[in-house]
Amino acid sequence: MFKIAQLGSFHRNIGDNVAIYNIRQKMIDLQPSDKQGISWINLDIRTFHNRDNNSDHAKGVFRDLQENHNIDMLLIGGGGLIENKTSYKNGWKLPFTKEVLSEIKVPIVVFAAGINYFYNFETLSEISKQEVINLCEASSLFSLRNDGSIEIFKTFSDLEVEELPDPGLLFDHDIFKFERKEKVVNGFFQPAWNRNAKQTRGRRLDNKNISKINDFCFKNQLVSFCHTKKDYFFPWNNEKKYVIDKEEFPEICKFTNTWRVAKYYHSYDFSVAMRGHGQLMAIGLNLPSIYLSTQPKVLDFSQKNGFSQYTVDIRKDDWHQQLEEKTKLLKNDKDFLEQWYDIRDRNMVKYRSEINDFCKKIWELL
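Residues numbered from 1 in each chain as written. Predicted model: local features only at pLDDT ≥ 70, side-chain atom pairs only at ≥ 80, totals over all residues. Heavy atoms only, no water.

## Focus on the overall build of the protein
Stage number 1. The number of helices and strands found in the protein is 14 helices and 12 strands.
Stage number 2. Split into buried and exposed, the 366 residues of the protein put 60% on the buried side.
Stage number 3. In the protein, the share of contacts with a sequence separation of at least 24, taken over all contacts with a separation of at least 6, comes to 73%.
Stage number 4. For the protein, the computed accessible surface area is about 15,700 Å², with 45% contributed by carbon and sulfur atoms.
Stage number 5. Counting 52 positive and 50 negative side-chain charges, the protein places the centres of these two groups 3 Å from one another. (Helix = DSSP H or I, 4+ residues; strand = E, 2+ residues; numbered from the N terminus. Buried < 20%, exposed > 50% of the residue type's maximum accessible area, 1.4 Å probe, protein only. Contact = heavy atoms within 4.5 Å. Areas by Shrake-Rupley, 256 points an atom, 1.4 Å probe, with all protein chains shown as cover. Lys, Arg positive; Asp, Glu negative; His and termini not counted. Charge placed at Lys NZ, Arg CZ, Asp CG, Glu CD.)

## A look at the sheet that holds strand S10 (residues 270-273)
Stage number 1. Across the sheet, five strands lie side by side as S9-S8-S10-S11-S12; this open sheet has parallel pairing. Unpaired on one side and paired on the other, strand S9 (223-224) and strand S12 (311-313) mark the two borders of the sheet.
Stage number 2. Bridge count for S10 against strand S11 (residues 289-293) is three bridges, and the pairing is parallel. Residue pairing across strands places Ser271 opposite Ser289, the latter belonging to S11. (Pairing = 2+ DSSP bridges.)

## Overview of the layout of surface pockets
Stage number 1. The calculated volume of the largest pocket comes to roughly 1,300 Å³.
Stage number 2. Asn13, Glu83, Lys93, Asn194 and Lys230 are, among the 39 residues lining the largest pocket, the residues nearest its centre.
Stage number 3. Of all elements in the fold, only helix H2 (46-49), helix H9 (249-252) and helix H11 (276-284) reach the threshold of two or more residues within the lining of the largest pocket.
Stage number 4. Considering only enclosed or pocket space, the second largest pocket measures out at about 290 Å³ in volume.
Stage number 5. With four residues, the top contributor of residues to the lining of the second largest pocket is helix H8 (residues 207-219). (1 Å grid on protein atoms, 1.4 Å probe; cavity = no way out; pocket = protein on both sides within 12 Å on 5 of 7 lines; lining within 4 Å. Points joined across faces, edges and corners; volume = space filled by probe spheres on them.)

## Quick notes on the environment of Ile38
Stage number 1. Considering the arrangement of structural elements, one finds Ile38 in strand S2 (residues 38-44).
Stage number 2. Taking relative accessible area as the criterion, Ile38 reaches 18% and is therefore assigned buried.
Stage number 3. Separated by 11 residues in the primary sequence, Ile38 and Met27 have C-alpha atoms spaced 8.6 Å apart.
Stage number 4. Not counting the four nearest positions on each side in its chain, Ile38 is found in contact with Met1, Phe2, Ile4, Met27, Trp363 and Leu366.

## Some words on the nonpolar core
Stage number 1. Within the largest apolar cluster, 58 residues are counted, with the highest numbers of intra-cluster contacts made by Phe111, Phe189, Ile213, Leu292, Tyr310 and Ile362.
Stage number 2. With residues near it in sequence (within four places) discarded, Phe111 still touches Ile23, Leu75, Ile76, Gly77, Gly78, Ser143, Leu164, Pro167, Ile355, Phe358, Cys359 and Ile362.
Stage number 3. In terms of nonpolar packing, the next biggest core, distinct from the first, is built from 39 residues, Ile76, Val100, Tyr117 and Ile150 among them. (Core = buried A, V, L, I, M, F, W, Y, C linked by side-chain atoms within 4.5 Å.)

## Considering empty space enclosed by the protein
Stage number 1. Within this structure, the stated rule accounts for two cavities of 30 Å³ or more.
Stage number 2. Of the volumes computed, that of the largest cavity is approximately 80 Å³.
Stage number 3. Arg145, Asn146, Asp147, Asp166, Gly276, His277, Gln279, Leu280, Lys297 and Phe301 are the residues that line the largest cavity.
Stage number 4. The biggest single contributor to the lining of the largest cavity is H11, with four residues.
Stage number 5. Classifying every residue of the lining of the largest cavity gives two nonpolar, four polar and four charged.
Stage number 6. In this model, the second largest cavity occupies a volume close to 50 Å³.
Stage number 7. Lining the second largest cavity are Asn22, Gln25, Lys26, Asp29, Leu170, Asp172, His173 and Trp259.
Stage number 8. It is helix H1 (residues 14-29) that provides the largest number of residues to the lining of the second largest cavity, a total of four residues. (Nonpolar A, V, L, I, M, F, W, Y, C, P; charged D, E, K, R; others polar.)

## Thoughts on helix H13 (residues 319-332)
Stage number 1. Its 14 residues place the ends of H13 20 Å apart at the C-alpha level, agreeing with the 20 Å of an ideal helix rising 1.5 Å per residue.
Stage number 2. Buried within H13 we find Trp319, Leu323, Glu324, Lys326, Thr327, Leu330 and Lys331.
Stage number 3. Looking at the buried residues of H13, the elements they touch are H8, S10, S11, S12 and helix H14 (334-365). (Expected span 1.5 Å × (residues − 1).)

## Brief notes about the packing of aromatic side chains
Stage number 1. Counting across every chain of the model gives 28 aromatic pairs.
Stage number 2. Seen in terms of ring centroids, Phe10 and Phe255 are 5.2 Å apart; in terms of plane orientation they differ by 80°. Their pairing is edge-to-face. With a gap of 245 residues between them, Phe10 in the loop between strand S1 (2-8) and H1 and Phe255 in the loop between H9 and helix H10 (258-263) connect regions that are remote in the sequence.
Stage number 3. Seen from their ring centres, Phe188 and Tyr268 are 5.3 Å apart, and the 85° between their planes marks the pair as edge-to-face. Taken together, the residues Phe188 in strand S8 (residues 187-190) and Tyr268 in the loop between H10 and S10 connect sequence positions 80 residues apart. (Phe/Tyr/Trp six-rings, centres within 6.5 Å; stacked < 30°, edge-to-face > 60°.)

## Some thoughts on H11
Stage number 1. Among the nine residues of H11, nine are classified as buried, and the element is accordingly described as predominantly covered.
Stage number 2. For H11, the set of buried residues is Gly276, His277, Gly278, Gln279, Leu280, Met281, Ala282, Ile283 and Gly284.
Stage number 3. Within two residues after H11, Asn286 carries a phi angle of roughly 65°, on the positive side.

## Regarding the environment of Ser55
Stage number 1. The topology assignment puts Ser55 in helix H3 (residues 55-67).
Stage number 2. Filtering out sequence-adjacent residues up to four positions away, Ser55 remains in contact with Thr97, Glu99 and Val100.

## Overview of the packing of H11 against helix H12 (residues 296-305)
Stage number 1. Contact geometry for H11 and H12: axes closest at 8 Å, N-to-C directions at 35°. Residues Gly276, Gln279, Leu280 and Ile283 of H11 touch H12, and the partners they reach there are Lys297, Val298, Phe301 and Ser302.
Stage number 2. In terms of residue class, the contact of H11 with H12 is built from four nonpolar, three polar and one charged. (Axes fitted to C-alpha atoms, helices over the stretch in contact; angles between N-to-C directions.)

## What about the pattern of salt bridges?
A side chain with one charge may pair with a side chain of the opposite charge, provided their charged atoms come close.
Stage number 1. Inspection of every chain in the model, using the stated rule, returns 24 salt bridges.
Stage number 2. Across the pair Glu99 and Lys59 runs a salt bridge whose closest N-O atoms are separated by 2.6 Å. Here Glu99, found in helix H4 (residues 98-101), pairs with Lys59, found in helix H3; they are 40 residues apart in sequence, far enough to count as distant.
Stage number 3. We classify Lys59 as buried; its relative accessible area is 11%.
Stage number 4. Across the salt bridge formed by Asp231 and Arg275, the nearest N and O atoms sit 2.9 Å from each other. Residue Asp231 is found in the loop between S9 and H9, and its partner Arg275 is found in the loop between S10 and H11; the two are separated by 44 residues along the sequence. Residue Asp231 shares its accessibility class with Arg275, and that shared class is buried.
Stage number 5. Three or more residues joined by partner-sharing salt bridges are found here, namely Arg180, Glu338, Asp342, Arg344 and Asp345. (Salt bridge = Lys/Arg side-chain N within 4 Å of Asp/Glu carboxyl O.)

Shape descriptors only; they carry no functional weight alone.
Here it is, written out as structure tokens:
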């Protein structure tokens, strides 16, 4: 039995849970007949964040995984994971420095990580960029997701890296159904809220725009589908109905409940998503959707993958009008709806092929 320690964010974000889980499911699906199965070790990123990414602590964690748990591989992903974080001792979200990486003797695989940028917010520092390069050079396989992350990486490195779809796009288990609907009526709004005021301003979520979002959701009778606890703090004007009640969220957001949560998507006809994984999960689960981009990766993914006409950029003066018009088209224009399905289906063929090829390369390392 191979042992893989998977580093990611567990139990706090529905989208991250899905991305992590789908990697494991795909690895199981593609297991070669002549190889053993995999025993997974959850390596929660909080293990390092609780110590401010202290290098000595991180080295101890990786020594323990290798000496006492005998891991065969360190796999990093899914989720964004690459962000500046000046409050941590190493300056970024992941716990790696060149010194920490020198302690890791097993193959390192970075699986479709994303570089998370926000409008009006600090980007990767020069120190953080170098740490990303160090991780890339230390990895046996290194891949970034197809949401503009490769383009950012190329601004500070000429290393060759692979571009992959986020694993949150893949739902190949037979519990998921993918019929096309002729008309969509019942929808939800997938919000994104940050407690950092600077990030919130960058998302253009001032009182005026929040009021417009409230009016839009009320007019279209959209319930709220929160992906994180932070999303419950989105300032709704009136009592809001939720797909998952706030009190139930900590239990339902446990990693072991990942596909139970994903199945909620099939209770609706369409969605309007703000979060990157809200966008990606809807596409993966064949749920027609409109994307309200308040963060570069949502807009960049749409532009790179053919969904631009289903995307609204909140930085545009007429964003609210566009949101209303595109939602109305999705609900009432059969051609607009069918085109979304066509774009989605074409992309999914490519996404599955790329993920499958990458997983086969991982198996070759074991």
